[in-house]
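For reference, the chains in residue letters:
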Amino acid sequence: MSNLISPGSTASVEEVSRRSEMRAKAVKRRFRNLALQAAVFVLVVGSWQLLADWKIIDPFFFSSPKVILLQIADWFQNGTSQGPLYIHFLVTFEETIISFVLGVILGVIAGYALGMSEVLSVIFGPYIQMLNALPRVVLAPIFILWLGLDMSSKVALGVTLTFFVVFFNAFQGVREVDRNLVNNALLLGANKKQLAFHVIIPSALTWILSSLHSSFGFALVGAVVGEFIGATKGLGFLISQAQGAFDTTGVFAAMVLLSVTALIADWAVGCLEKRFIAWRHVKQE
């Protein structure tokens, strides 16, 4: 007698094969993207180094990647002229995290409130638009006058930069919630708290989490700009001191440290996004 293969087992084999094929394509795509990113990095940094070595660009004004890396290594080993590097990094990182957290919380609360209430949206909408149009970086001197040179002034500036990014995404996310979901939840007897935490906020989570990528960068900008204008510690303070001494290498070295911090934070937000909205499939070519 010939062996018979059930349709169910055939479908299972096809499903496993399809998953393996998709996984292999995803790995191949990831390596391709990493290779292209590395190629761009090598091209830009290598060209910069060659132009500096051949004196096509003035190393005094543009420095070079090799000298910048040596400067960063020296900071790690011997500290900066303004104290140990880790102290400046921790100050900037703490200011950024506090600004980011406060800005996100306030932005989500305000976005939810105005998104749910037409009256509040009509009353406060024009004022929020007006404040958002202001170049908030120029508020740094005012915050320093009000709050001093300590962390409070940098946090205040970072919050003002972060708040609006999160607010507009949260507001739009709440407005985009499917009304059928809301009506069905109300028919099932959901109260306002249950409606908020089980229907509206989860539905708007895609908008909110998408705003976190750029809002952390704005929080970092707020901390660094505040330190640049007036501070005694922080990476922005190091940039200000290096600029005052015409130390281009020091400026670029601090900028590299800030860039690495921003990339790590963006990766962490991406992991958070995958954790909370794993159902969303983003097609990658």
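All figures in this text were calculated on a predicted structure; none of them were measured in a lab.

Q: What should I look at first to understand the overall build of the chain in this one?
A: Looking only at helices and strands, one finds 11 helices and zero strands in the chain. Mapped in sequence order, the helices and strands of the chain form the string α-α-α-α-α-α-α-α-α-α-α. Over its C-alpha trace the chain gives a radius of gyration of 25 Å, far above what one expects of a compact globule, namely 19 Å for 285 residues. Counting only C-alpha atoms, the chain reaches 80 × 65 × 30 Å along its principal axes. Looking at the chain as a whole, 35% of its 285 residues are labelled buried. The contacts of the chain with a sequence gap of at least 6 include a subset with a gap of at least 24, amounting to 74%. Surface summary for the chain: the accessible area is close to 18000 Å², and the carbon and sulfur share equals 69%.

Q: I would appreciate a short explanation of the nonpolar core in the present structure.
A: The nonpolar side chains of a soluble globular protein tend to be buried with one another. Membership of the largest hydrophobic core comes to 15 residues, with the highest contact counts inside it found for W75, L85, L235, I239, L257 and L258. Elements supplying a minimum of two residues to this core: α3 (65–78), α9 (192–229), α10 (235–244) and α11 (248–276). The greatest single-element share of this core, amounting to five residues, is contributed by α11.

Q: What should I look at first to understand the packing of helix α4 (residues 85–116) against helix α5 (residues 118–133) in this one?
A: Helix packing geometry: the angle between the two helix axes and the distance between the axes. Running from N to C, α4 and α5 point in directions that differ by 125°, and their axes come no closer than 6 Å. In terms of orientation, α4 and α5 fall into the oblique class. Judged by residue contacts, A113, L114 and M116 of α4 engage E118, L120, S121, F124, G125 and I128 from α5. Split by residue class, the contact of α4 with α5 holds six nonpolar, two polar and one charged.

Q: I tried to follow the packing of aromatic side chains on my own but got confused; where do I start?
A: When we look at a pair of aromatic rings, we describe it by the centre distance and by the angle of the planes. Applying the stated criterion across every chain, the model contains nine aromatic pairs. Between the aromatic rings of F89 and F93, the centroid separation amounts to 5.9 Å while the plane-to-plane angle is 10°, which identifies the pairing as stacked. Of this pair, F89 and F93 are both found in helix α4, four residues apart, which corresponds to roughly one turn of the helix. The class for F89 is partly exposed, based on a relative accessible area of 31%. Taking relative accessible area as the criterion, F93 reaches 35% and is therefore assigned partly exposed. With centroids separated by 5.1 Å and ring planes inclined at 70°, the aromatic side chains of F167 and F168 adopt a geometry described as edge-to-face. What makes F167 buried here is its relative accessible area of 3%. Take F168: its relative accessible area is 24%, and that puts it in the partly exposed class. Feature note: the residues F163, F164, F167, F168 and F171 constitute an aromatic cluster, connected by ring pairs.

Q: Sorry if this is basic, but what is going on with the packing of α4 against α9 here?
A: α9 packs onto α4 with a crossing angle of 145° between their chain directions and a minimal axis gap of 7 Å. Where α4 crosses over α9, the two elements pack in a sense that is right-handed. Its residues placed into classes, the contact of α4 with α9 shows 17 nonpolar, four polar and three charged.

Q: Explain a nonpolar patch on the surface here, please?
A: Together, Y86, F89, L90, F93, I97, V101, I105 and I109 give the surface a local cluster of nonpolar side chains, amounting to about 710 Å² of exposed area. Note that I105 resides in helix α4.

Q: When you look at unusual backbone geometry in this model, what are you seeing that I'm missing?
A: Note: most peptide bonds trans; most residues except glycine with negative phi. Here the phi dihedral of S63 falls at roughly 55°; this positive angle occurs in a residue that is not glycine. One can find S63 in the loop between α2 (59–62) and α3. Classification of S63 by relative accessible area gives buried; the value is 2%. Even without being glycine, F246 reaches a positive phi, approximately 55°.

Q: I keep staring at the confidence of the model for the chain and nothing clicks. Help me out?
A: Interpretation of this model should avoid reading the predicted coordinates in detail wherever pLDDT is low. When pLDDT is averaged across the chain, the result is 84; 92% of the residues are at 70 or more. Every residue in residues 281–285 is under pLDDT 50, and counting partners more than four places away or in other chains gives four contacts.

Q: What's the story with helix α6 (residues 140–147) in this structure? I'm lost.
A: Within an α-helix, residues lying three or four positions from one another point in the same direction, as the helix has 3.6 residues per turn. Among the residues of α6, A140, F143 and I144 are the ones counted as buried. End-on, the buried residues of α6 take up no more than an arc of 100°, which puts them together on one face. Exposed side chains of α6 directed beyond 90 degrees from the buried face belong to L145 and W146. Residues of α6 that are buried sit in contact with α7 (151–175) and α9. G148 sits one or two positions beyond α6 and adopts a positive phi of about 90°.

Q: Got a minute to help me understand the environment of Q129 in this structure?
A: The residue Q129 is located in helix α5 in this model. Classification of Q129 as partly exposed rests on a relative accessible area of 45%. Distance in space between the C-alpha atoms of Q129 and W54 is 50 Å, their sequence separation being 75 residues.

Thresholds, definitions, all that
Starting afresh in each chain, residues are numbered from 1 along the sequence in its written order. Local features in a predicted model are, by the rule used here, given only for residues with pLDDT of at least 70; side-chain atom pairs are given and counted only at 80 or more, and totals for whole chains, interfaces and linings are based on all residues. The side-chain numbers reported here are obtained from all heavy atoms of the structure, hydrogens and water having been left aside. A run of H or I in DSSP counts as a helix once it spans at least four residues, and a run of E counts as a strand once it spans at least two, with each numbered from the N terminus. Our radius of gyration is a C-alpha quantity, and the globule rule it is checked against amounts to 2.2 Å times the number of residues to the power 0.38. Only protein chains enter the area calculation, which uses a 1.4 Å probe; residues under 20% of their type maximum are buried, those over 50% are exposed, and those in between are partly exposed. Contacts were defined at the residue level, with two residues in contact if any of their heavy atoms lie within 4.5 Å. Only the protein chains shown count as cover for residues, and the accessible areas themselves come from Shrake-Rupley with a 1.4 Å probe. To qualify as a nonpolar core, a set must consist of buried Ala, Val, Leu, Ile, Met, Phe, Trp, Tyr and Cys residues joined through side-chain atoms within 4.5 Å. Helix axes use the C-alpha atoms of the stretch in contact, all axes being lines fitted to C-alpha atoms, and the angles between their N-to-C directions lie in the range 0 to 180 degrees. These descriptions rest on fixed angle ranges, namely under 35 degrees for roughly parallel, over 145 for roughly antiparallel, 65 to 115 for roughly perpendicular, and the rest for oblique. Under the scheme applied, nonpolar residues are Ala, Val, Leu, Ile, Met, Phe, Trp, Tyr, Cys and Pro; charged residues are Asp, Glu, Lys and Arg; polar residues are all the others, including Gly. Each aromatic pair joins two rings of Phe, Tyr and Trp (for Trp, the six-membered one) with centres within 6.5 Å, and gets the label stacked for planes under 30 degrees apart, edge-to-face for over 60, and tilted for any other angle. By convention the crossing between two helices is left-handed if the near helix lies anticlockwise of the far one by an angle smaller than a right angle, and right-handed if it lies clockwise. Patch membership is restricted to residues that have no salt bridge and whose relative accessible area is over 30%. Joining uses 9 Å for like charges and 5 Å for the nonpolar side chains Val, Leu, Ile, Met, Phe, Trp and Tyr. For salt bridges, the criterion is a side-chain nitrogen of Lys or Arg within 4 Å of an Asp or Glu carboxyl oxygen. Values of pLDDT, the confidence the predictor places in each residue, fall between 0 and 100. This arc describes the spread of directions from the helix axis toward the C-beta atoms.

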